[in-house]
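# Notes for the structure review
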Amino acid sequence: MASVSIECVAREGCRIGESPVWDQREGALLFVDITGRKVCRWSPLTRQTQAIAVDAPVSSVALRKSEDYVITLGTRFAALKWKEELVTTITQVDKDKANTRFNDGKVDPAGRYFAGTMAEEIRPAVLERRQGSLYTLFPDLSVVKHFDQVDISNGLDWSLDHRTFFYIDSLSYSVDAFDYDLQTGKIGNRRSIYKLEKEESIPDGMCIDTEGKLWVACYDGGRVIRLDPETGKRLQTVKLPVDKTTSCCFGGKDYSEMFVTSASDGMDKEWLSRQPEAGGIFKITGLGVKGVPPYPFAG
Ligand SMILES: O=C(O)[C@H](O)[C@@H](O)[C@H](O)[C@H](O)CO
Ligand SMILES: [Zn+2]
């Protein structure tokens, strides 16, 4: 078995780093800093990060077929033109709610953008409960709400055969699966496939590898775990030098490297001095598995 190595490639000091996405066109890693209100792009060649400041919490970024990117910004789906640094609203959700924002989002294999909402946090993981919902932005720019009563809408991905949708509502401490209809984008038959153990803490972002196994970043758990959705067993744990690991994706050459984002919000001075890389971007090599390229939004 290859030996796993972990490197902090960008000491970004993100408040809540999230939504890592490999952009093959640019050969760069996209991510956001939610409360830092920035969309970022890190180049492995220059080892530099470019950032675009936005006017609200930005919780996810996705590739777009036509050009550049789409983002979830506050309670809006929006388009982002990188060079022009131009953000334009596509549509708004949660119009009946005063205090929510989007959280994690990802595009499905048919080019639909899934993203869920949550109440604004008072502090990490402390918020008014059941205020969130899960939405889809279709390529024709219409929006559908799948369900509400969500605490912290978080990680999402699809099985390799596209027949299962995996989803995390963080405060359920569970990784769930739904039957997925790729033709219509409809979900159903929710069930739990894994319950986190105490020391794994809170499930956050997630991605799938080419063997159909799930990788889940554990917020306050300082690790990513690899799960077999068929058996419900944990297969591997990779610990990182920061506690607030938030999300993960595969990228780099042949999608053989894993990138992990992290947060620093909620850490006091003493905690930060013990974990100076908090809020950084980590690269894990030697996992011996590859990832699935991200799907671009088809609209
Ligand atoms: O990154 C996210 O998904 C949320 O926006 C964060 O705030 C944390 O996950 C949350 O605090 C953990 O419960
Ligand atoms: Zn998250």
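Bear in mind that the values here come from a model prediction, so they are computed numbers and not experimental data. Each residue is numbered by its place in its chain's sequence as written, counting from 1. Whichever chain is written first is A, and whichever ligand is written first is 1; the rest continue in order. The predicted nature of this model means local features are confined to residues of pLDDT at least 70 and side-chain atom pairs, given and counted, to a pLDDT of 80 or more, with totals for whole chains, interfaces and linings taken over all residues. Heavy atoms throughout the structure, all of them, feed into the side-chain values; hydrogens and water do not.

## Considerations on the nonpolar core
One recurring pattern in soluble globular proteins: nonpolar side chains tend to sit buried together. Among buried residues, the Ala, Val, Leu, Ile, Met, Phe, Trp, Tyr and Cys ones that are joined through side-chain atoms within 4.5 Å form a nonpolar core. Residue burial is assigned from relative accessible area. The probe radius is 1.4 Å, only protein chains are included, and a residue is buried under 20% of its type maximum, exposed over 50%, and partly exposed in between. Counting 31 residues, the largest nonpolar core has Trp-215, Val-224 and Met-258 as the members making the most contacts within it. Elements are defined by DSSP. Helices are runs of H or I of four residues or more, strands are runs of E of two residues or more, and each kind is numbered from the N terminus. Of all the elements in the fold, those that place two or more residues in this core are β1 (5-10), β3 (28-33), β4 (38-43), β19 (214-219), β22 (245-251), β23 (257-262) and β24 (281-285). The next biggest cluster of nonpolar side chains, apart from the first, holds 21 residues, and it includes Val-32, Ala-56, Val-58 and Ile-71.

## Points about the side chain of Asp-108
Turning to its location among the elements, Asp-108 is positioned in the loop between β10 (100-107) and β11 (113-119). Under the rule applied, a polar contact is a pair of N or O atoms within 3.5 Å (in protein, one hydrogen donor and one hydrogen acceptor; residues adjacent in sequence only if both atoms are side-chain atoms). Polar contacts involving the side chain of Asp-108 include one to the main-chain amide nitrogen of Ala-110, which spans 2.8 Å. A polar side-chain atom of Asp-108 sits 2.8 Å from the main-chain amide nitrogen of Gly-111. Not counting residues up to four positions away in its chain, the partners in contact with Asp-108 are Phe-114, Trp-158, Tyr-180, Leu-182 and Tyr-295. Only heavy atoms matter for contacts: two residues are in contact if any of them lie within 4.5 Å across the pair.

## Topic: the coordination of the zinc ion (ligand 2)
For the zinc ion (ligand 2), the protein coordination sphere consists of Glu-18 (OE), Asn-154 (OD1) and Asp-204 (OD), at 1.9 to 2.1 Å. Counted as donors are the N, O and S atoms within 2.8 Å of the metal, or 3.2 Å for Na, K and Ca, while water is not among the atoms, so some sites may look incomplete. Irregular is the label for any site that misses the other tests, which are tetrahedral for four donors with all angles between 85 and 135 degrees, and square planar for four donors or octahedral for six when opposite donors exceed 155 degrees and the remaining angles lie between 65 and 115. Every donor counted, the four donor atoms about the zinc ion (ligand 2) form angles of 85 to 169 degrees at the centre, which fits irregular coordination. If you list the donors of the zinc ion (ligand 2) from N- to C-terminus, the spacing comes out as E-x135-N-x49-D. Placement of the pair is Asn-154 in strand β14 (residues 153-158) and Asp-204 in strand β18 (residues 202-208), with a sequence separation of 50 residues. Note on Asn-154: relative accessible area 3%, which makes it buried.

## Description of the UniProt feature "active site" (unreviewed entry) in the chain
UniProt positions are given in the numbering used here, feature names are shortened, and annotations may be inferred rather than shown by experiment. Residues annotated by UniProt as "active site" (unreviewed entry) correspond here to Asp-204. The contact partners of Asp-204, leaving out residues within four places of it in the chain, are Glu-18, Asn-154, Gly-155, Ile-168, Ser-170, Val-216, Ala-217, Tyr-219, Thr-245 and Thr-246. Engagement of the side chain of Asp-204 in a polar contact is seen with the side chain of Asn-154, the distance being 3.1 Å.

## Focus: the pairing of strand β15 (residues 164-169)
Looking along a regular strand, one sees side chains alternate from face to face of the sheet. Counting buried positions over the six residues of β15 gives six, a clear majority of the element. Side chains of β15 alternate between two faces, with Thr-164, Phe-166 and Ile-168 and Phe-165, Tyr-167 and Asp-169 buried alike. Pairing between strands is defined by DSSP: at least two bridges between them are needed. Taken together, the four bridges between β14 and β15 define a ladder with antiparallel strand orientation. Looking at β15, one finds that Asp-157 is bridged to Phe-166. Count of turn residues in the β14/β15 antiparallel hairpin: five residues, of which His-162 carries a positive phi of about 65 degrees. Sheet topology places β15 next to strand β16 (residues 174-181); six bridges connect them, and they run antiparallel. Each residue of the ladder has a partner; that of Thr-164, found in β16, is Asp-179. Linkage of β15 to β16, two consecutive antiparallel strands, is achieved through a turn of four residues, within which Tyr-173 is found at a positive phi near 55 degrees.

## A short note on the site of ligand 1
Every one of the 13 residues lining ligand 1 counts as a neighbour, but Glu-18, Asn-103, Glu-121, Asn-154 and Asp-204 are closest to it. Separating an oxygen atom of ligand 1 from a side-chain N or O atom of Asn-103 is a distance of 2.8 Å. Within the side chain of Glu-121, one N or O atom sits 2.6 Å away from an oxygen atom of ligand 1. Here ligand 1, which alone exposes 330 Å², has 100% of that area covered by the protein. Those elements that place two or more of their residues in the shell around ligand 1 are β10 and β18. Residues are grouped as follows: nonpolar covers Ala, Val, Leu, Ile, Met, Phe, Trp, Tyr, Cys and Pro; charged covers Asp, Glu, Lys and Arg; every other residue, Gly included, is treated as polar. For the shell around ligand 1, the class distribution of residues is seven nonpolar, two polar and four charged. For this purpose, a residue is taken to be near a molecule or strand whenever a single non-hydrogen atom of the residue falls within 4 Å of it. Using the Shrake-Rupley algorithm and a 1.4 Å probe, accessible areas are obtained, with residue cover drawn only from the displayed protein chains.

## A closer look at the packing of aromatic side chains
Aromatic contacts are taken between Phe, Tyr and Trp rings whose centres are within 6.5 Å, Trp giving its six-membered ring; a plane angle under 30 degrees counts as stacked, one over 60 as edge-to-face, and the others as tilted. Taken as a whole, this structure holds 19 aromatic pairs when the rule is applied. With a centroid separation of 5.7 Å and an interplanar angle of 5 degrees, the aromatic rings of Trp-22 and Phe-259 are classed as stacked. Pair noted here: Trp-22 is in strand β2 (residues 17-23) and Phe-259 is in strand β23, with a separation of 237 residues, a long-range link. Given a relative accessible area of 6%, Trp-22 falls into the buried group. In this structure Phe-259 comes out as buried when scored by relative accessible area, which is 1%. In this structure an aromatic cluster arises from ring pairing among Phe-114, Phe-147, Trp-158, Phe-165, Tyr-167, Phe-178 and Tyr-180. Cation over ring: Arg-190 sits above Phe-147, and NZ or CZ is 5.1 Å from the ring centre. Only lysine NZ and arginine CZ atoms are considered, and such an atom sits over a ring when it is within 6 Å of the ring centre and within 35 degrees of the ring normal.

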